[in-house]
Amino acid sequence: RDIRFSFKEVFQAGVLFFARFNSLRRSLTLENKANNLYAYMQSYIWMPFFYNKLVLYKPKFVLVSNDHSVSNRCLLAVAHLLQIETVYLQHGGVSNRFPPLAVNYAFLDGVRSLDSYINCEEKINKLSNYYPTPVIYINGQKKIIKNNKYEKLIGIAINPEDSVSDVLNLIELFLINQICLNVRFHPSYKKTYIDTIRNNFTNNNSLIFSDAGIENVDEFLGKCKLLISGNSSIHVEAALLMPTIYFVLTKNELYDYYQHVSSGLSQLAKNSSDLIELCKGGIKVSKQRKN
C-alpha cells in the first residue's frame, strides 16, 4: 500500500529539519558527501513515522529484507530505541559498500555474505553501542529456483541504471547474431520505459519479455540456459542452474558492486564482442565457483 504521513508526522519532521539541518549539512560538507544531503534528510520523516507505528502496534520483533535503504535503517534504529528485537532476512547480493549489520538476528545466504559484512564493519572506527551484536545464521539462498522444461534461451536481466538506447542496441546486437533472448526488466521500471523497448520489437519470434510483475524470478530463470546482467543479485539465484555473465551495459555503474566476478561466480564480458563470443560457447565455469 502507498504510505501516507499524518499531520503529526509531518510536523515532527519539520521540527527535526529545523533542529538538525545545519548540523547535518556541515557534517556532510566536511566529509565531502554534500551531494547525498537529500538522502540523509529523508530520515527526518521516516523516524517519526516508524516511531509512531511501532508505539501503536507494539510488535514482538521487526523483520526486514533490506538493511541499507534510508527507510529500513530508520525502522531498525527506532526498533532498537524501543528495545524491539530486529531480524534481517537477506534477499539479494551483499556488497562491501553496505553498512555493518545492525540487527539482533541475521539470516545470511552464505559465508561470502558474512565476509562482506565483516569487511563493512572493519571499515568504520567503531560501531555504536546503540546497536546489538547480531546472532548470525548461514541458511542458504532462500528463493525456490526450479529447472523448468522450456526451450532454453539467453536471459538478460536489465538494471534500473541501463538507458533505453543501450538496451535497444544490446537487443539488436543479439538479434543480428541470431541469438534468441528472454529479456527481464527490474521490478522498479515504469511501464513507459518497458513499452518503449517492447514497441521496437513487435512480432519478433526471436525475443520474449519477462514481466516481473507477473512472472516470478524462478519462472524466468527456468526458461534460460545462461544469464547476463550487471550489478544484480539475480546472478546468485541463476548460478544454481546455469553460468552467468557479468556485463555492464551503461557505463556509470560501479564495477563488480557485489563481487560476482572477483568471487568467481560470474564470468566477465569486457565488451559487446566478448559478450557475443561467450554466449556462443566460450564460457567456462571457474574452479573458484565450483568450490
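Conventions used here
Residues numbered from 1 in each chain as written. Predicted model: local features only at pLDDT ≥ 70, side-chain atom pairs only at ≥ 80, totals over all residues. Heavy atoms only, no water. Pairing = 2+ DSSP bridges. Helix = DSSP H or I, 4+ residues; strand = E, 2+ residues; numbered from the N terminus. Axes fitted to C-alpha atoms, helices over the stretch in contact; angles between N-to-C directions. Buried < 20%, exposed > 50% of the residue type's maximum accessible area, 1.4 Å probe, protein only. Polar contact = N/O pair within 3.5 Å; in protein donor to acceptor, adjacent residues only side chain to side chain. Contact = heavy atoms within 4.5 Å. Phe/Tyr/Trp six-rings, centres within 6.5 Å; stacked < 30°, edge-to-face > 60°. Patch = residues over 30% accessible without salt bridge, like charges linked within 9 Å, V, L, I, M, F, W, Y side chains within 5 Å. Areas by Shrake-Rupley, 256 points an atom, 1.4 Å probe, with all protein chains shown as cover. Salt bridge = Lys/Arg side-chain N within 4 Å of Asp/Glu carboxyl O.

S.K.: Residues and numbers for the sheet that holds strand 1 (residues 61-64), please.
M.R.: Taking strand neighbours across the sheet as the criterion, the four strands line up as 1-2-3-4 in an open arrangement whose pairing is parallel. Each end of this open sheet is capped by a strand with a single partner; those strands are strand 1 and strand 4 (135-138). Shown here is a sheet whose adjacent strand axes are inclined to one another by a mean of 15°, direction ignored. The sheet contact formed by strand 2 (residues 85-89) and strand 3 (residues 105-108) spans three bridges and is parallel. Residue pairing across strands places tyrosine 88 opposite alanine 106, the latter belonging to strand 3.

S.K.: Lay out the side chain of serine 95 with the relevant residues and their values.
M.R.: Mapped onto the secondary structure, serine 95 falls in the loop between strand 2 and strand 3. The class for serine 95 is buried, based on a relative accessible area of 0%. Of the polar contacts made by the side chain of serine 95, one reaches the backbone oxygen of tyrosine 257; its length is 2.9 Å. Here serine 95 is in contact with Ser116, Cys120, Tyr257, Tyr258 and Gln259, once residues within four sequence places are set aside.

S.K.: Help me get a handle on the environment of isoleucine 154, residues and values and all.
M.R.: By secondary structure assignment, the location of isoleucine 154 is in strand 5 (residues 153-158). Considering only alpha carbons, one finds isoleucine 154 and valine 183, 29 residues apart in sequence, at a separation of 8.4 Å. Excluding residues that lie within four positions of it along the chain, isoleucine 154 makes contacts with Phe174, Ile179, Cys180, Leu181, Asn182, Lys225, Leu226, Ile228 and Cys279.

S.K.: For the packing of aromatic side chains, give the residues involved together with the corresponding values.
M.R.: To describe a pair of aromatic rings, one takes the distance between the centres and the angle between the planes. Taken as a whole, this structure holds 16 aromatic pairs when the rule is applied. Aromatic side chains tryptophan 46 and phenylalanine 50 sit 5.5 Å apart centroid to centroid with 20° between the ring planes, which places their arrangement in the stacked category. Of this pair, tryptophan 46 and phenylalanine 50 are both found in helix 3 (residues 43-57), four residues apart, which corresponds to roughly one turn of the helix. Each member of the pair, tryptophan 46 as well as phenylalanine 50, carries the same accessibility label: buried. Arranged with centres 5.8 Å apart and planes meeting at 80°, the rings of tyrosine 246 and tyrosine 255 form a pair that is edge-to-face. Ring pairing ties together the aromatic residues Tyr88, Phe98, Tyr117, Tyr257 and Tyr258, which thus form one cluster.

S.K.: Go over the environment of leucine 16, please, and point to the residues and values.
M.R.: When you line up the elements, leucine 16 lands in helix 1 (residues 7-30). Overall, the relative accessible area of 30% leaves leucine 16 in the partly exposed class. Taking the C-alpha atoms as reference, leucine 16 lies 8.5 Å from isoleucine 45; in sequence the two are 29 residues apart. Residues within four places of leucine 16 in sequence aside, it is in contact with Phe21, Tyr44 and Pro48.

S.K.: Give me unusual backbone geometry: which residues, what numbers.
M.R.: Positive phi is not limited to glycine here, since asparagine 32 has a value of about 60°. Tracing the chain through its elements places asparagine 32 in the loop between helix 1 and helix 2 (37-41). Look at asparagine 32 and you get exposed, because its relative accessible area is 69%. Unlike most non-glycine residues, glutamine 178 shows phi in positive territory, near 55°. One can find glutamine 178 in the loop between helix 6 (164-176) and strand 6 (181-185). On the basis of relative accessible area, glutamine 178 is assigned to the exposed category, the value being 74%.

S.K.: Lay out a nonpolar patch on the surface with the relevant residues and their values.
M.R.: There is a patch of nonpolar side chains on the surface, built from Tyr51, Val55, Leu81 and Tyr130 and spanning about 360 Å² of accessible area. Tracing the chain through its elements places tyrosine 130 in the loop between helix 5 (111-122) and strand 4. Judged by its relative accessible area of 38%, tyrosine 130 is partly exposed.

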